2 protein chains.
Amino acid sequence: MGGTLRRRGYKLTPQRRAVLRTVALSQDHLTPAAIYDRVRQQHPGIGLLTVYRTLQILTELGFICEVHAGGSCGSYIVGSPEHHHHLICSNCGKVINFTGCNLSELEQRLSQQTGFEIESHLLEFLGCCRSCQKIA
Amino acid sequence: MGGTLRRRGYKLTPQRRAVLRTVALSQDHLTPAAIYDRVRQQHPGIGLLTVYRTLQILTELGFICEVHAGGSCGSYIVGSPEHHHHLICSNCGKVINFTGCNLSELEQRLSQQTGFEIESHLLEFLGCCRSCQKIA
DNA sequence: TTGTAAGTGAAAATAACTTTCATATAGATA
DNA sequence: TATCTATATGAAAGTTATTTTCACTTACAA
């Protein structure tokens, strides 16, 4: 983490470490406010503003990802540099990362049909995880 | 529109008609505030609150869709009852609807691998439309 | 035509996020 | 290791987005 930050001109501060740690330790996606609450338990002085700033940088660097499906807009989950997507439990918020979306064929078709130059895609699945199925 | 609303216990008011009309006439995705501004030109008395409420109902009924990709969270575009997805121009915001996402194979694989019961998916492409390519 | 469930708009409240700025600190460099 | 400076921090205030409450109004079923 330190290396990646420094390479981009950012510094590795205890606050940033704490924010990433908090997101990484959570199974489910968290809002900035929820992250703030958790980080404060270990790091009482931190400001919500620092959390916002840090989330932005960590997203930019690919350490974390924002999720959208199921009203989760503006929540964050730990990420990985490789291209991947999210499968989100609509009940408990648990997120599973997966790779192999295989959308290049569809992208080509769309590009041909519309003349768009395709840059990226957003793909998320919403479902009910095994433990929530048992409860329901 | 009226029939669908009534069937669900909603009423067809001039405000609702105006909001849908505004979204439907736009090529690109609009925020609630932008919709409010446009609707007000034809319908000065309308409140922003009514716009919010209407957007919620129209989304629920499938007349409009919310888009997410490229920081467009909380913007709306006209929709259609059939299953479809969006291709969004990252420059001008223009949205094209398309069908045939063909994700059932991937859904099955994920379901098997994770035990999730998959409910839905969110798929959006971001690109640069033909007219914006010329300008750039 | 009338009754009523649903809808509206105003105002205020809350939530989400950003700006500004003085102070503090990571970490490069001497 | 000490110093220096670009970057980061936190407090406070400001802005934007969204929701709640409530008294009044209206669509539309009977």
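My aim in this report is to walk through the structure given alongside it, one point at a time. Note that this is a predicted model, so its numbers are computed, not measured. (Residues numbered from 1 in each chain as written. Chains lettered and ligands numbered in written order. Predicted model: local features only at pLDDT ≥ 70, side-chain atom pairs only at ≥ 80, totals over all residues. Heavy atoms only, no water.)

When helices and strands are counted, chain A shows six helices and five strands. Sequence-ordered secondary structure for chain A, helices as α and strands as β, is α-α-α-α-β-β-β-β-α-β-α. Counting only C-alpha atoms and orienting by the principal axes, one finds that chain A spans roughly 55 × 45 × 20 Å. Buried residues in chain A amount to 44% of all 136 residues. Split by element, the accessible area of chain A, about 7,400 Å² in all, is 47% carbon and sulfur. Charged side chains of chain A number 14 positive and 10 negative; the gap between the two group centres comes to 15 Å. (Helix = DSSP H or I, 4+ residues; strand = E, 2+ residues; numbered from the N terminus. Buried < 20%, exposed > 50% of the residue type's maximum accessible area, 1.4 Å probe, protein only. Areas by Shrake-Rupley, 256 points an atom, 1.4 Å probe, with all protein chains shown as cover. Lys, Arg positive; Asp, Glu negative; His and termini not counted. Charge placed at Lys NZ, Arg CZ, Asp CG, Glu CD.)

Not every one of the 19 residues close to DNA strand C is listed here, only the nearest: Leu-12 of chain A together with Thr-13, Arg-16, Thr-50 and Arg-53 of chain B. A share of 68% of the atoms of DNA strand C within 4 Å of the protein falls on sugar and phosphate groups. With respect to DNA strand C, the side chain of Thr-13 of chain B contributes an N or O atom lying 2.6 Å from a phosphate oxygen. Contacts to DNA strand C include Arg-53 of chain B, whose side-chain N or O atom sits 2.9 Å from a base nitrogen. Elements supplying a minimum of two residues to the surface near DNA strand C: α4 (48-60) of chain A together with α2 (14-25) and α4 (48-60) of chain B. It is α4 of chain B that contributes the most residues to the surface near DNA strand C, three residues altogether. (Near = heavy atom within 4 Å. Polar contact = N/O pair within 3.5 Å; in protein donor to acceptor, adjacent residues only side chain to side chain.)

Quick look at the packing of aromatic side chains now. The way to describe two aromatic rings as a pair is by their centre distance and the angle between their planes. All names here are of chain A. Tallying each qualifying case throughout the model produces two aromatic pairs over all chains. Measuring from centroid to centroid gives 5.8 Å for Phe-98 and Phe-125, while their planes differ by 50°, and the two rings are tilted. Within this pair, whereas Phe-98 is found in strand β4 (residues 95-98), its partner Phe-125 is found in strand β5 (residues 117-128), the two being separated by 27 residues in sequence. Each member of the pair, Phe-98 as well as Phe-125, carries the same accessibility label: buried. (Phe/Tyr/Trp six-rings, centres within 6.5 Å; stacked < 30°, edge-to-face > 60°.)

Moving on, we come to the nonpolar core. One recurring pattern in soluble globular proteins: nonpolar side chains tend to sit buried together. Ranked by internal contacts, the top residues of the largest apolar core, which has 28 residues, are Leu-103, Leu-123 and Phe-125 of chain A together with Leu-103, Leu-123 and Phe-125 of chain B. For this core, the elements supplying multiple residues, two or more each, are β3 (85-89), α5 (104-114) and β5 of chain A together with β3 (85-89), α5 (104-114) and β5 (117-128) of chain B. Ignoring sequence-local partners within four residues, the contact set of Phe-125 of chain A consists of His-86, Leu-87, Ile-88 and Phe-98 of chain A together with Leu-103, Leu-106, Glu-107, Leu-110, Ile-118, Ser-120 and His-121 of chain B. (Core = buried A, V, L, I, M, F, W, Y, C linked by side-chain atoms within 4.5 Å. Contact = heavy atoms within 4.5 Å.)

A word on the protein's contact with DNA strand D. Near DNA strand D there are 20 residues, and of these Thr-13, Arg-16 and Thr-50 of chain A together with Leu-12 and Tyr-52 of chain B occur at the shortest range. Restricting attention to atoms of DNA strand D within 4 Å of the protein, one finds that 69% of them are sugar or phosphate atoms. One of the side-chain N or O atoms of Thr-13 of chain A is found 2.6 Å from a phosphate oxygen in DNA strand D. One of the side-chain N or O atoms of Thr-50 of chain A is found 2.4 Å from a phosphate oxygen in DNA strand D. Among the elements of the structure, α2 (14-25) and α4 of chain A together with α4 of chain B are those that each provide at least two residues to the surface near DNA strand D.

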